[in-house]
Amino acid sequence: MEALSTGEASEQLTADVILELLANRRRRYLLYALRGREDPIELSKLAEQVAGWEHDVPPDEVAQNEYKSVYVSSVQCHVPKLADAGVVDHDDENHTVVLAEKFSQLEPYLQVVVKDEPENSTLYEALDSGADEGFFGRVRQRLSS
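These remarks concern the structure in this document.

Focus: the nonpolar core
Taken as a class, soluble globular proteins show a tendency for nonpolar side chains to be buried jointly. Grouped together as the largest cluster of nonpolar side chains are 34 residues, with contacts concentrated most on Leu31, Tyr32, Leu46, Val87, Val88 and Leu106. Leu31 has contacts with Leu22, Leu82, Val87, Val88, Leu99, Phe103, Leu106 and Leu110, leaving out every residue within four places of it along the chain.

Some words on the packing of helix α2 (residues 25–34) against helix α5 (residues 103–113)
A pair of packed helices can be characterised by two numbers: the angle between their axes and the separation between those axes. Axis separation between α2 and α5 bottoms out at 11 Å; the angle between their running directions is 115°. When the axes of α2 and α5 are compared, the pair comes out roughly perpendicular. Judged by the twist between their axes, the crossing of α2 over α5 is left-handed. Contact residues: Arg28, Leu31 and Tyr32 in α2; Phe103, Leu106, Leu110 and Val113 in α5. In terms of residue class, the contact of α2 with α5 is built from six nonpolar, no polar and one charged.

Let's talk about the pairing of strand β3 (residues 96–99)
Judged by which residues are buried, β3 turns out to be covered on both faces: Thr96 and Val98 on one side and Val97 and Leu99 on the other are all buried. In the sheet, strand β1 (residues 41–42) pairs with β3 via two bridges, with the strands oriented antiparallel. Bridging from a neighbouring strand, Ile41 pairs with Val97 of β3. Summarising the sheet, strand β2 (residues 88–91) and β3 pair through four bridges and their orientation is antiparallel. Bridge pairing in β3 links Asp91 to Thr96. Between the antiparallel neighbours β2 and β3 lie four residues, among them His95 with a positive phi of about 55°.

Digging into the pattern of salt bridges
One pass over the structure, following the stated rule, counts three salt bridges. Between Arg26 and Glu54 there is a salt bridge, with its nearest N and O atoms 2.6 Å apart. You can see Arg26 sitting in helix α2 and its partner Glu54 sitting in helix α3 (residues 43–55), a full 28 residues away along the chain. On the basis of relative accessible area, Arg26 is assigned to the buried category, the value being 15%.

Some points on the packing of α2 against helix α4 (residues 64–84)
At a minimum axis separation of 10 Å, α2 and α4 run at an interaxial angle of 80°. Looking at the two axes, α2 sits roughly perpendicular to α4. For the pair formed by α2 and α4, the contact residues are Arg26, Arg27, Leu30 and Leu31 on the first element and Ser69, Val70, Ser73, Ser74, Cys77, His78, Val79, Lys81 and Leu82 on the second. Broken down by class, the residue content of the contact of α2 with α4 amounts to six nonpolar, four polar and three charged.

Re unusual backbone geometry
Most peptide bonds take the trans form, and the phi angle of most residues other than glycine is negative. Unusually for a residue other than glycine, Asp56 sits at a positive phi of about 55°. With respect to the helices and strands, Asp56 occurs in the loop between α3 and α4.

A closer look at the packing of aromatic side chains
This structure, assessed with the given rule, holds three aromatic pairs. Consider the rings of Tyr29 and Tyr32, whose centres lie 6.0 Å apart with planes at 35°: the pair is tilted. With Tyr29 and Tyr32 both in helix α2 and three residues apart, the pair spans about one turn of that helix. On the basis of relative accessible area, Tyr32 is assigned to the buried category, the value being 3%. Taken together, a centroid distance of 6.1 Å and an interplanar angle of 90° make the contact between Tyr29 and Trp53 edge-to-face. One end of the pair, Tyr29, is in helix α2; the other, Trp53, is in helix α3, and 24 residues separate them in sequence. Comparing Tyr29 with Trp53, the two get one shared label, buried.

Calculation rules
Each chain carries its own residue numbering, running from 1 in the direction its sequence is written. With the structure being a predicted model, the display of local features is reserved for residues of pLDDT at least 70 and the display and counting of side-chain atom pairs for 80 or more, all residues being used for whole-chain, interface and lining totals. Remark: hydrogens and water are excluded; side-chain values derive from all non-hydrogen atoms of the structure. Only buried residues count toward a nonpolar core. Its members are Ala, Val, Leu, Ile, Met, Phe, Trp, Tyr and Cys residues joined through side-chain atoms within 4.5 Å. Under the scheme applied here, a residue whose accessible area is under 20% of the maximum for its type counts as buried, over 50% as exposed, and between as partly exposed, the area being computed with a 1.4 Å probe on protein chains only. Residue contacts are defined here by distance: any two heavy atoms, one from each residue, within 4.5 Å place the two residues in contact. Where helices are involved, their axes are fitted lines through C-alpha atoms of the stretch in contact, as for all axes, and angles between N-to-C directions lie from 0 to 180°. Segments assigned H or I by DSSP are reported as helices when at least four residues long, segments assigned E as strands when at least two residues long, and all are numbered from the N terminus. Roughly parallel here means an angle under 35 degrees, roughly antiparallel means over 145, roughly perpendicular means 65 to 115, and every remaining angle is called oblique. By convention, the crossing between two helices is left-handed when the near helix turns anticlockwise from the far helix through less than a right angle, and right-handed when the turn is clockwise. Note on residue categories: nonpolar means Ala, Val, Leu, Ile, Met, Phe, Trp, Tyr, Cys or Pro, charged means Asp, Glu, Lys or Arg, and polar means any other residue, Gly included. Strand pairing is assigned whenever DSSP identifies at least 2 bridges connecting the two strands. What counts as a salt bridge is simple: a side-chain nitrogen of Lys or Arg found within 4 Å of a carboxyl oxygen of Asp or Glu. Here the aromatic set is Phe, Tyr and Trp, taking the six-membered ring for Trp, and pairing holds for ring centres within 6.5 Å; pairs whose planes are under 30 degrees apart are stacked, those over 60 apart are edge-to-face, and all others are tilted.

Here it is as structure tokens:
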């Protein structure tokens, strides 16, 4: 399989890279949590949100071992893969993450895979917030046009 680094010569994410990035649910959850944010977020806060969605509980009710699992895998695997692809920027010193320029290439595919997420979940509720302006609202608008 192709390496995730797209290189300087290529500005576009390849289909293989897009599929690999979106193949993992935890990476998708990280992207859902980052979507719409302009400012960097601490990786610890991001991990709390993702762990909450994974266990369908509010972030402040996540068990320590569940949070730690998300945090460690995010630091060691998921954030580096997303950063190598140019989808996120990760500041190692401040332990923060923010979406990068290439996320715009990935977002249309993220809008396709989000339809498989559980409808009666805290994730769905969070993404549907703002009705027509929320993530699912934009997906519905795209499907109806």
